[in-house]
Amino acid sequence: MIVDVLVLGVLGAVLGLDVVSFPQAQISRPIVAATLGGAVMGNAGTGLVCGVLLELFAHETLPFGASRYPEWGSSSPVAGAAAAAGASVGELPMALLFAVPFGLLTASVGGWSMVQLRQLNARLARRRLDALARGSARTVAGLQVAGATADLVRAGLISIVAATCALPAVRWIAVQSAPLSAYAIPLLASMGGAVAAGAAWKMFHSTSGTRWFGLAGLALGTGLVLLMTR
Amino acid sequence: MDDTTTAPLTRPASADVRLPQLPLATRVAMISRLFAVQASWNYEILIGNGIGFCVEPALRLLPGGVGGDAYRAALARQSQYFNAHPYLSSVAVGALVRAELEGQPAARIERFRTALCGPLGSVGDRLVWVGLLPTCSFSSLFLFGLGASPLVCVLVFLLWYNAGHIALRLWGLQMGWEKGLGVAAALGHPILRAGPVWLARAGTFLAGAAIPLTVMRLVDGGGLVRTGITLVTAAAGAGTLVLFHGRVEGWRLALLAGFAALVLFLLRHA
């Protein structure tokens, strides 16, 4: 388990860095990061299912500038890995019922940690305002490197702590016999669908013509569902 | 040290004079630094230090080279408070480099810098965070709903998103460099004006198609009734969230409801 935790720590650190500091290529999005986390545990498919559920929730939390938002980069790989680890020893629904809320909780803690990081960066910058005013290239580069390093460490620590808690917990939860477990995935899917649909309305409703595009998409999606569930 | 530091550019007096060429090494250094423009993001000067970091390779071309008076004064000016969308900060970087190398008056550059903050933030947010990102995400979810493999879902998302992301950074730098202090006109470019509208339409279409399919695949093997019940519940939940828009965050409710359900499911067994 120690190796798994360390690998997830490194993965979480790199993906957490992507959220803001470098390179913002969105490899930190849950659909990518949780799939990678699942792949670390040998089951990318289960990681993807967990990532899709988290991705539905992520639509509600856009990374606008100074606002506080959940940090998916360090949390999603742990959630994906937890889902895969649970599914490998027990039931997938119970593993997901733990992994998805745990991923949301870790993302929330990650968001809080980013605020702390920004305050740390501000303190570092404030101490060097004189050097910046003198046009010191060394100070400019130093602040960038210090910020990125602190972000890398922050994300890595969150992933390590989260993985240390999640992996043993999910292995215990997934093997419990739970008569209601058949409702776990529909419950998560309905919550995720509700949040994503609400978020889509919030993002797009003010743009002219989107209502008709949305209805056309809904007709296509519903038609395909009817066709594929026959 | 970059050999270009010993060969300062000639300074055209205004934007209509022939555009000087930035050495390739300088351009590559600026582009690679743009990916880390937010590395020291903070509540004091926001991405100001990042802008200084990105323009620094070009400032070496100023008379006197690295450490010269012009270099130091320009770097100090460019490392002050600045705010913009990270991808569109490339527009500012290109334009500010041009203004510095043209030897524009410091006060004029500072006024220009201040004026750029608002538009580059709001345009970028609409184009990327509320346009490109959700559209790429919903397209990937659509593929998931159709049964695509993990590799396909992940690659389609990353390739589509990053094609837009990297193109925007490169376009912004070039546009800023070409227009200099006249870059405000570039913000009326069709990509920036109509792009958010069409991305929003594509995003809405894909959201409408992707959410039912995603839910269907998640309740895998549940059949039409189970999928239907889940979808109706999701629609009711979405309606409630829209109704309480701004007062309730769905993901926080889901976090609490998910853990509550987990405890309930485990207790039912006990």
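Residues numbered from 1 in each chain as written. Chains lettered and ligands numbered in written order. Predicted model: local features only at pLDDT ≥ 70, side-chain atom pairs only at ≥ 80, totals over all residues.

## A few points about the overall build of chain A
To keep things clear, this is the line we draw: Strands are runs of DSSP state E lasting at least 2 residues, helices are runs of H or I lasting at least 4, and numbering of each runs from the N terminus. Counting other C-beta atoms within 10 Å of each residue's C-beta, where C-beta atoms are placed from the backbone, gives the exposure class: buried for 20 or more, exposed for 12 or fewer, partly exposed between.
Helix and strand content of chain A: 9 helices and 0 strands. For chain A, the N- to C-terminal ordering of α and β elements is α-α-α-α-α-α-α-α-α. C-alpha atoms of chain A, sized along the principal axes, occupy 70 × 50 × 20 Å. Residues counted as buried form 61% of the 230 residues belonging to chain A.

## Let's talk about the overall build of chain B
Cut-off, in case you're wondering: Both definitions apply: the radius of gyration is a C-alpha atom measure, and the globule rule equals 2.2 Å times residues to the power 0.38. Contact between two residues is assigned whenever their backbone-derived C-beta positions fall within 7 Å.
Looking only at helices and strands, one finds 9 helices and 0 strands in chain B. Listing each helix as α and each strand as β along chain B from the N terminus yields α-α-α-α-α-α-α-α-α. Over its C-alpha trace chain B gives a radius of gyration of 24 Å, far above what one expects of a compact globule, namely 18 Å for 270 residues. The principal-axis extents of the C-alpha atoms in chain B amount to approximately 75 × 35 × 35 Å. By the burial criterion, 49% of the 270 residues in chain B qualify as buried. Considering only contacts within chain B whose residues lie at least 6 apart along the sequence, 72% involve residues at least 24 apart.

## Brief notes about the environment of R60 of chain B
Mapped onto the secondary structure, R60 of chain B falls in the loop between helix 2 (48-59) and helix 3 (69-78). In this structure the C-alpha to C-alpha distance between R60 of chain B and R72 of chain B, which are 12 residues apart in sequence, comes to 9.6 Å.

## A word on the interface of chain B and chain A
Which entries qualify depends on this criterion: Gly falls in the polar group here, along with every residue not listed as nonpolar (Ala, Val, Leu, Ile, Met, Phe, Trp, Tyr, Cys, Pro) or charged (Asp, Glu, Lys, Arg).
Of the residues lining the interface, 88 residues belong to chain B; the matching set on chain A comes to 93 residues. When residues in the side of chain B that touches chain A are grouped by element, the largest group, 18 residues, is from helix 7 (residues 190-218) of chain B. Class assignment for the residues of the side of chain B that touches chain A results in 54 nonpolar, 26 polar and 8 charged.

## Description of the packing of helix 5 (residues 92-127) of chain A against helix 8 (residues 184-204) of chain A
Residues and elements named next belong to chain A. Here is the rule: In this description, a line fitted to the C-alpha atoms serves as the axis of each element, helices being fitted only across the stretch in contact, and the angle between N-to-C directions of two axes falls anywhere from 0 to 180 degrees.
Packing of helix 5 against helix 8 brings their axes to within 8 Å, and their N-to-C directions diverge by 35°. Only A184, I185 and L188 of helix 8 make contact with helix 5, whose side of the interface consists of P93, M94, L96, L97 and V100. In terms of residue class, the contact of helix 5 with helix 8 is built from 8 nonpolar, no polar and no charged.

## Quick look at the domain arrangement of chain B
For interface size, the figure often reported is the accessible area lost on association. Residue and element names in this part refer to chain B. Cut-off, in case you're wondering: For each domain, the first and last residues come from an automatic or database assignment.
When cut into domains, chain B gives domain 1 (3-218) and domain 2 (219-270). Across the boundary between the two partners, domain 1 contributes 5 residues, which contact 6 residues of domain 2. Split into classes, the residues belonging to the side of domain 1 that touches domain 2 amount to 4 nonpolar, no polar and 1 charged.

## Considering the confidence of the model for chain B
Residues and elements named next belong to chain B. Just so we agree on the cut-off: Per residue, pLDDT measures the predictor's confidence, with a range of 0 to 100.
Confidence in the prediction for chain B averages 91 pLDDT; 91% of positions are at 70 or higher. This stretch, residues 1-15, has a pLDDT under 50; its non-local contacts, to residues over four places away or in other chains, come to 29 contacts. Taken over the whole predicted complex, pTM reads 0.94, whereas the ipTM for its chain interfaces reads 0.96.

## As for unusual backbone geometry
Residue and element names in this part refer to chain A. Residues F22 and P23 are joined by a peptide bond in cis, for which omega reads -5°. Mapped onto the elements, P23 comes out in the loop between helix 1 (2-20) and helix 2 (30-40). Of note in the backbone geometry, Q24 takes a positive phi value of approximately 55° without being a glycine. Within the secondary structure, Q24 is located in the loop between helix 1 and helix 2. For Q24, a count of 22 C-beta atoms within 10 Å puts it in the buried group.

## Overview of the nonpolar core
Just so we agree on the cut-off: One nonpolar core equals one set of buried Ala, Val, Leu, Ile, Met, Phe, Trp, Tyr and Cys residues connected by C-beta atoms within 7 Å.
Counting 161 residues, the largest nonpolar core has A82, A95, L96 and A99 of chain A as its most contacted members. If you count residues domain by domain, this core takes at least three from each of domain 1 (3-218) and domain 2 (219-270) of chain B. Once you skip the residues sitting within four places of it in the chain, A95 of chain A turns out to touch A82, A83, G86, A87, G90, V170 and A174 of chain A.

## Topic: the environment of G103 of chain A
All names here are of chain A. Along the polypeptide, G103 turns up in helix 5. Residue classification places G103 among the buried residues on the basis of 34 C-beta atoms within 10 Å. Each C-alpha atom, one on G103 and one on A33, is 11 Å from the other, the two residues being 70 residues apart in sequence. Residues contacting G103, with those up to four places away along its chain left out, are L54, S75, S76 and A79.

## Some words on the packing of helix 8 of chain A against helix 8 (residues 223-243) of chain B
Applied cut-off: Convention used here: angles under 35 degrees read as roughly parallel, angles over 145 as roughly antiparallel, angles from 65 to 115 as roughly perpendicular, and any remaining angle as oblique. We call a crossing left-handed when the near helix sits turned anticlockwise from the far one by less than a right angle, and right-handed when that turn is clockwise.
At a closest axis distance of 7 Å, the pairing of helix 8 of chain A and helix 8 of chain B adopts a crossing angle of 40°. Considered as vectors, helix 8 of chain A and helix 8 of chain B are oriented oblique to each other. Read as a crossing pair, helix 8 of chain A and helix 8 of chain B show a hand that is right-handed. Every residue of helix 8 of chain B that contacts helix 8 of chain A at P186, A189, S190, M191, G193, A194, V195, A197, G198 and W201 of chain A is listed here: R226, T230, L231, T233, A234, A235, G237, A238, L241 and V242 of chain B. A class-by-class count of the residues in the contact of helix 8 of chain A with helix 8 of chain B yields 13 nonpolar, 6 polar and 1 charged.

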